[in-house]
Amino acid sequence: MSSLTGDLAATIGAEHVLTGPDLMTGYTTDWTRRYQGTATCVARPGTTAQVAAIVQVCARHRVAVVPQGGNTGLVGGAVPANGDVVLSTRRLRRLDPVDTLAGQVTAGAGITVAELQAHAAAAGLEYGISLASRDSATVGGTIATNAGGLYTVRYGGTRAQLLGVEAVLADGGVISRLGGVRADNTGYDLAQLLAGSEGTLGIVTAARLRLWPVEPHAVTVLTGVGGIETAVSLLAEIRSRAPGVRAAEYFEAAGLALVRAHTGLPAPLPRAYPAYLLVEVTGPADQADHLARIAALEDAAVAVDPAGSAALWAYRERHTEAISAAGVPHKLDIAVPVASLAALRGALDGAVSAAAPPGRTLRMIVFGHIGVGNLHVNVLGPDPADQAVDEVVLRLAAAYGGSISAEHGIGRAKVPLLSNNRSAQEIGAMRAIKTALDPVGLLNPGVLFT
Ligand SMILES: Cc1cc2nc3c(=O)[nH]c(=O)nc-3n(C[C@H](O)[C@H](O)[C@H](O)COP(=O)(O)OP(=O)(O)OC[C@H]3O[C@@H](n4cnc5c(N)ncnc54)[C@H](O)[C@@H]3O)c2cc1C
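Quick caveat, the model's predicted, so the values are computed rather than measured.

A. Just the site of the ligand, in detail. Taken together, 36 residues are adjacent to the ligand, and P67, G69, T72, S133 and T138 come closest. The separation between an oxygen atom of the ligand and a polar main-chain atom of P67 is 2.6 Å. Measuring from an oxygen atom of the ligand, one finds a side-chain N or O atom of T72 at 2.7 Å. Within the complex, 96% of the 970 Å² of free accessible area of the ligand lies under protein.

Encoded structure:
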């Protein structure tokens with residue numbers, strides 16, 4: 001053992017310090033298999049004090065620390081570079097009883113989104129974040145990436161759920177604000193600063209999170225449409241008449257074919273369509289009929305019970321795994337004003353074909369949370385290191401007044417393109433914050449900035 005791993009073992013117990021490729025592969029390769037790195041070891045602390053001690057040991061040895069939760073991030077932000085220490089938060093399992101009076105809960109960074117959802121549901125409340133990676137993605141990781149997801153159109157992203165954090169800073173100091181006092185105007189909101197900071201400013205160890213009342217009966221409708229323009233106008237129509245829209249998802253025939261081939265699911269509708277809109281509306285059960293009438297949906301599948309709804313959601317939620325089963329995808333999550341979605345989608349085909357390496361045809365699968373202007377553009381075919389298609393798609397999003405990262409963050413993948421979305425002044429201010437809190441660049445160097 002090197003003295004670094006020896007010191008870490010002395011701090012948290014040798015059984016919680018993993019070394020060797022067999023034990024570390026799951027931590028050094030990302031979910032898509034596109035990003036890989038090497039680590040000196042993986043440290044798995046069980047308490048906040050142990051996180052602080054690890055940070056101090058690594059600072060002494062001048063070795064960078066890469067925080068990692070469920071490792072479901074899609075931009076390489078949790079993957080170590082060369083010889084870093086991966087600090088896995090999965091053993092930070094605090095989960096306090098739900099405070100039903102305040103509608104809040106305190107959860108450790110290593111609790112998964114699915115565990116938090118179940119905990120809230122047992123207390124008659126609901127967590128506002130839901131995503132297909134819920135069984136692995138953690139409270140800490142979703143805060144660090146400000147994750148969005150299926151219900152963002154209704155409840156906002158993770159930032160909107162976040163009331164306070166406990167976190168370890170680069171000097172090993174601990175900040176903690178888990179009281180859940182909502183009326184609190186006492187200076188900088190450090191929890192919100194850490195949200196979306198991708199592990200570059202501090203390591204979140206626990207969070208105080210907002211919960212929501214359980215919505216009345218939900219109705220899920222899946223309908224075929226001619227393309228994204230129709231999907232957007234149909235959604236506008238539905239939203240204008242049904243105030244309780246909490247999810248609005250879009251996918252296309254190419255993605256559906258991949259999902260069906262991967263899962264063996266039957267066709268969702270009697271006829272095939274170029275694209276599909278999935279909407280979930282909460283309200284009385286008779287909204288199902290109402291919704292069907294609004295949309296004049298001749299060919300729609302409507303579910304009013306949880307099992308039926310899950311069956312319809314599977315067509316959308318299983319896209320990511322079906323795409324990954326088909327190859328190593330370039331995953332580009334972009335967003336534009338909803339009014340520009342159709343124009344952007346129209347420009348994508350030509351732009352992606354033009355970025356194909358000579359002699360190769362690229363396969364593009366598009367889906368997304370269109371209620372918030374998001375499209376996930378997945379491209380199969382280019383080599384993992386080839387950035388051509390990434391650059392073309394992200395620049396296109398910026399040209400349409402949008403974002404090069406709707407929800408996954410910048411990570412390592414999009415660092416060179418940050419200036420497409422952020423001015424030199426903004427990047428300068430972000431760098432100043434980073435330098436103030438982490439002057440030697442101990443936490444996640446290479447993520448967000450070079
Ligand atoms: C099938 C699938 C579906 C997905 N759907 C969505 C979706 O709908 N919406 C969405 O937003 N994302 C989605 N994602 C992406 C991913 O799940 C989210 O980015 C999620 O927030 C990552 O959580 P994690 O715990 O896996 O974090 P990781 O991947 O482990 O880490 C992500 C980043 O956060 C940092 N980090 C992790 N934990 C901490 C911590 N405790 N303190 C400080 N920094 C930390 C890491 O260093 C890294 O930069 C999906 C991914 C998959 C595989």
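B. Summary view of the pairing of strand β7 (residues 162-168). Of all 7 residues making up β7, 6 are buried, and the element is well covered by its neighbours. In this structure, β7 lies alongside strand β9 (residues 203-210), joined through 6 bridges in antiparallel fashion. Residue pairing for β9: V165 is matched across the bridge by A207. With 3 bridges connecting them, β7 and strand β8 (residues 174-176) associate as antiparallel partners. Looking at β8, one finds that A167 is bridged to I175. Count of turn residues in the β7/β8 antiparallel hairpin: 5 residues, of which G172 carries a positive phi of about 90°.

C. Spotlight on the nonpolar core. Ranked by internal contacts, the top residues of the largest apolar core, which has 44 residues, are I334, I370, L375, V377 and V393. Counting only elements with at least two residues in this core, the list comes to α8 (228-241), β12 (245-252), β13 (275-282), β15 (330-335), α13 (341-354), β16 (363-368), β17 (374-380) and α14 (388-399). Among the nonpolar cores identified, the runner-up in size contains 26 residues, and V105, A107, L201 and L209 belong to it.

D. Representation of the pattern of salt bridges within the structure. Inspection of every chain in the model, using the stated rule, returns 19 salt bridges. Note that R345 is salt-bridged to D349, the shortest N-O span being 3.3 Å. One end of the pair, R345, and the other, D349, are both in helix α13, 4 residues apart, so they sit about a helical turn from each other. Owing to a relative accessible area of 12%, R345 belongs among the buried residues under this scheme. The class of D349 is partly exposed, set by a relative accessible area of 41%. Look at the salt bridges and you will find they share partners, linking E126, R246 and E280 into a network.

E. Representation of the side chain of T72 within the structure. Note on placement: T72 falls in the loop between β3 (65-68) and β4 (82-88). Contact partners of T72, with chain neighbours within four places excluded, come to W31, S133, S136 and A137.

F. Seen up close, the state of the cysteines. Evaluated as defined, the whole model comprises 0 disulfides. Of all cysteine sulfurs, the one in C41 lies closest to C58, which takes part in no disulfide; the gap is 6.9 Å. For C58, a relative accessible area of 0% corresponds to the buried category.

What counts, and where the lines are drawn
- Residues numbered from 1 in each chain as written.
- Predicted model: local features only at pLDDT ≥ 70, side-chain atom pairs only at ≥ 80, totals over all residues.
- Heavy atoms only, no water.
- Near = heavy atom within 4 Å.
- Polar contact = N/O pair within 3.5 Å; in protein donor to acceptor, adjacent residues only side chain to side chain.
- Areas by Shrake-Rupley, 256 points an atom, 1.4 Å probe, with all protein chains shown as cover.
- Buried < 20%, exposed > 50% of the residue type's maximum accessible area, 1.4 Å probe, protein only.
- Helix = DSSP H or I, 4+ residues; strand = E, 2+ residues; numbered from the N terminus.
- Pairing = 2+ DSSP bridges.
- Core = buried A, V, L, I, M, F, W, Y, C linked by side-chain atoms within 4.5 Å.
- Salt bridge = Lys/Arg side-chain N within 4 Å of Asp/Glu carboxyl O.
- Contact = heavy atoms within 4.5 Å.
- Disulfide = S-S within 2.5 Å.

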